[in-house]
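# Architecture at a glance
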Amino acid sequence: MTLSPARVPATGVRRLTTTLYGYAFLDDLVLLYPVYALLFADTGLPLWQISSLFALWSLTAVVLEVPSGAWADTVSRRRLLWLGPLLTAAGFALWVTVPSYGSFALGFVLWGAGGALGSGSLEALVYDELEGLGAAERYARVMGRTRAARLLATVAAMGLAGPVLALGGYPAVGAASVLACLLAAATATRLPEHRVPAEKGSTRWSATLRAGLAEARGDRAVQGALLLIPAVVAVWGALDEYVSLLIRDLGVADTTVPYLVLLVWATVTVGSLFAGPAERLGTRGLAALIAGSALALAVGAGVRTPAGIALVGLAFAGFQLAEVLVDVRLQHRIEDARRATLTSVASLGTELATVAVFGLYALLGAAMAHSTVFVILSAPYLVTALVLARGSGRARNESPRERPRTQ
């Protein structure tokens, strides 16, 4: 039977999304996520060493983020997407077979390198494949569901980690995490990729990097989209590491903390599913979404009750949704040949801003309750929303000749 032209793109989109959602789920089905800090502490590491491991993880991402993105624009992006989970699996195996500070440090370097290979590569591959199928308008919905798959895997990992830890200790949790990474790598090999990488030697990744940065410098629309991503992602991306501490400060039993954490992430997962419809919000709608989420965060943390944690979850869901939308804005403004490079530039900005938020949180947290710090750190989002709203107003008042280029 011969498929009609409309049927062929639909089949291609289905193949892409089915594989993509499976890859995203397996890539985050890591049972070590909720317990690796316990592993470090139980191995005898003091707090300063544990903190240094987190810093090393972030530093690895900062160093490799942009070069790996430029590399992804010159080689097969699919290859990087299956190589990344293999590096992560090797790091997790080190943690549970030879637990020590050195092994943990090397594991974080491998994990950071694996994450850097996928950052930018995945978004670029998905956008280009959808565009080739004439379905680029589905990008927001597809990436929203991809993030929902990742969050669902994180929730599942939180639920499974306790029983697996009780049955087999850290070796069993580590083995399950390694298996998930290997399955993710195998799934990545099934991702479609019709883009033809540059011939070996014809395009150096450093030249691609320079061209991408030149595009960012020369286009105000691209610059704005690049700056908006860390403005939206960095603060809540850092705050999520402290949610369990925020909850414990409410005075609830330790056994209740995981359930309230699950409530937060279940809410975020549901929020990701609305990315498609939310793309119609426009700039003013995006500003309202960010401002509303900031208010929910401030009120939810400020009331210091378990019910307030539901508002924190709602705020995080709004920020997650905004994260998808600002990624869409960037993808619509950049050229295919440098898509992974510039996506990685945005990720680099996010990593640097997140490290700064960690430092600010440590400074504020030394003298304030976690709830107070959460309230204070909701303020940058109100500033971002105000800048967006004012920028939208200026764009409306410009003539078509004066308006910055958008696609």
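Residues numbered from 1 in each chain as written. Predicted model: local features only at pLDDT ≥ 70, side-chain atom pairs only at ≥ 80, totals over all residues. Heavy atoms only, no water.

A count of helices and strands for the protein chain gives 17 helices and zero strands. Buried residues in the protein chain amount to 50% of all 407 residues. Here the contacts in the protein chain between residues at least 6 apart in sequence split such that 83% fall between residues at least 24 apart. By element, 65% of the accessible surface of the protein chain is carried by carbon and sulfur atoms, the whole surface being about 18,100 Å². (Helix = DSSP H or I, 4+ residues; strand = E, 2+ residues; numbered from the N terminus. Buried < 20%, exposed > 50% of the residue type's maximum accessible area, 1.4 Å probe, protein only. Contact = heavy atoms within 4.5 Å. Areas by Shrake-Rupley, 256 points an atom, 1.4 Å probe, with all protein chains shown as cover.)

Two elements in contact, helix α4 (residues 77–97) and helix α5 (residues 101–118), have axes whose closest approach is 8 Å; the angle formed by their N-to-C orientations is 165 degrees. Comparing the axis directions of α4 and α5 gives the class roughly antiparallel. Considering only the axes of α4 and α5, their crossing is left-handed. Residues Leu80, Leu81, Leu83, Gly84, Leu87, Thr88, Ala90, Gly91, Phe92, Leu94 and Trp95 of α4 form the contact with α5, whose own contacting residues are Ser103, Phe104, Leu106, Gly107, Phe108, Leu110, Trp111, Ala113, Gly114, Leu117 and Gly118. Along the lines of polarity and charge, the residues of the contact of α4 with α5 split into 15 nonpolar, seven polar and no charged. (Axes fitted to C-alpha atoms, helices over the stretch in contact; angles between N-to-C directions. Parallel < 35°, antiparallel > 145°, perpendicular 65-115°, else oblique. Left-handed = near helix turned anticlockwise from the far one by under 90°. Nonpolar A, V, L, I, M, F, W, Y, C, P; charged D, E, K, R; others polar.)

With that settled, the discussion passes to a nonpolar patch on the surface. A cluster of nonpolar side chains, Val299, Val303, Leu311 and Leu314, forms an exposed patch at the surface whose accessible area comes to about 310 Å². Along the chain, the position of Val299 falls in helix α13 (residues 282–302). (Patch = residues over 30% accessible without salt bridge, like charges linked within 9 Å, V, L, I, M, F, W, Y side chains within 5 Å. Salt bridge = Lys/Arg side-chain N within 4 Å of Asp/Glu carboxyl O.)

This brings us to the packing of aromatic side chains. Note on aromatic pairs: each is described by the distance of the centres and the angle between the planes. For the structure shown, the criterion picks out 25 aromatic pairs. Ring centres 5.7 Å apart and planes at 10 degrees place the aromatic pair Tyr33 and Trp111 in the stacked group. Taken together, the positions of Tyr33 in the loop between α1 (7–28) and α2 (36–42) and Trp111 in helix α5 put the pair 78 residues apart, joining distant regions of the chain. Ring centres of Phe92 and Trp95 lie 5.4 Å apart, and the angle between their planes is 55 degrees; this geometry places the pair in the tilted category. Within this pair, Phe92 and its partner Trp95 are both found in helix α4, separated by three residues, close to a single helical turn. Taken together, the ring pairs connect Tyr33, Tyr36, Phe40, Trp57, Phe92, Trp95, Phe104, Phe108 and Trp111 into an aromatic cluster. (Phe/Tyr/Trp six-rings, centres within 6.5 Å; stacked < 30°, edge-to-face > 60°.)

Here we come to the packing of helix α7 (residues 139–188) against helix α14 (residues 306–333). Interaxial distance between α7 and α14 falls to 10 Å at its minimum, and their mutual angle equals 140 degrees. Classified by the angle their axes make, α7 and α14 are oblique. Between α7 and α14 lies a crossing of right-handed hand. The segment α7 lies against α14, with Tyr139, Ala140, Met143, Gly144, Arg147 and Leu151 engaging Gln320, Glu323, Val324, Asp327, Val328 and Gln331. Within the contact of α7 with α14, the residues separate by chemical class into six nonpolar, three polar and three charged.

A few words on the pattern of salt bridges. Scanning the entire structure with this criterion turns up four salt bridges. For Arg150, the salt bridge goes to Asp27, with nearest N and O atoms at 3.0 Å. Here Arg150 is found in helix α7, whereas its partner Asp27 is found in helix α1, with 123 residues between them in sequence. With its nearest N and O atoms 3.2 Å apart, the salt bridge here joins Arg150 to Asp28.

Taking 1.5 Å of rise per residue, the 28 residues of α14 would be expected to cover 40 Å, and the 42 Å separating its terminal C-alpha atoms lies within 8% of that figure. Of all 28 residues making up α14, 21 are buried, and the element is well covered by its neighbours. (Expected span 1.5 Å × (residues − 1).)

To continue, consider α7. Helix length check: α7, at 50 residues, gives a terminal C-alpha distance of 19 Å against a target of 74 Å (1.5 Å per residue), a shortfall beyond 12%. In α7, a bend of some 125 degrees at Gly168 exceeds every other bend along the element, and Pro171, a proline, comes one to four places later. (Bend = angle between axes of the 7 residues up to and from the residue.)

A word on the nonpolar core. Soluble globular proteins: nonpolar side chains tend toward being buried together. Core analysis: the largest hydrophobic core is formed by 80 residues, its most contacted members being Leu286, Phe316 and Phe374. Counting residues per element, this core draws most heavily on α14, at 12 residues. Formed by 23 residues, the second largest nonpolar core is a distinct cluster that contains Tyr36, Leu45, Ala105 and Val178. (Core = buried A, V, L, I, M, F, W, Y, C linked by side-chain atoms within 4.5 Å.)

So, on to the side chain of Ser103. Take Ser103: it is sitting in helix α5. On the accessibility criterion, Ser103 (10% relative accessible area) is buried. Of note is the side chain of Ser103, whose polar atom sits 2.7 Å from the backbone oxygen of Val98. The contacts of Ser103, once residues within four sequence positions are left out, are Leu94, Trp95 and Val98. (Polar contact = N/O pair within 3.5 Å; in protein donor to acceptor, adjacent residues only side chain to side chain.)

Considering every residue of the protein chain, the mean pLDDT works out to 82; 85% of them sit at 70 or more. A low-confidence stretch, residues 1–5 (pLDDT under 50), is modelled with two contacts involving residues beyond four sequence positions or located in other chains. Below a pLDDT of 50 lies the segment residues 397–407, which in the model reaches 15 contacts outside its immediate sequence neighbourhood of four places, other chains included. (pLDDT = per-residue confidence, 0-100.)

Take Thr88: it is sitting in helix α4. If we ignore the near neighbours within four places in the chain, the residues touching Thr88 are Leu110, Trp111, Gly114 and Cys181.

Before going further, it helps to spend a moment on the environment of Gly114. Within the element layout of this structure, Gly114 appears in helix α5. By relative accessible area, Gly114 is classed as buried at 9%. Each C-alpha atom of the pair Gly114 and Thr60 lies 10.0 Å from the other, and the pair is 54 residues apart in sequence. Leave out the neighbours within four places in its chain, and Gly114 touches Gly84, Leu87 and Thr88.

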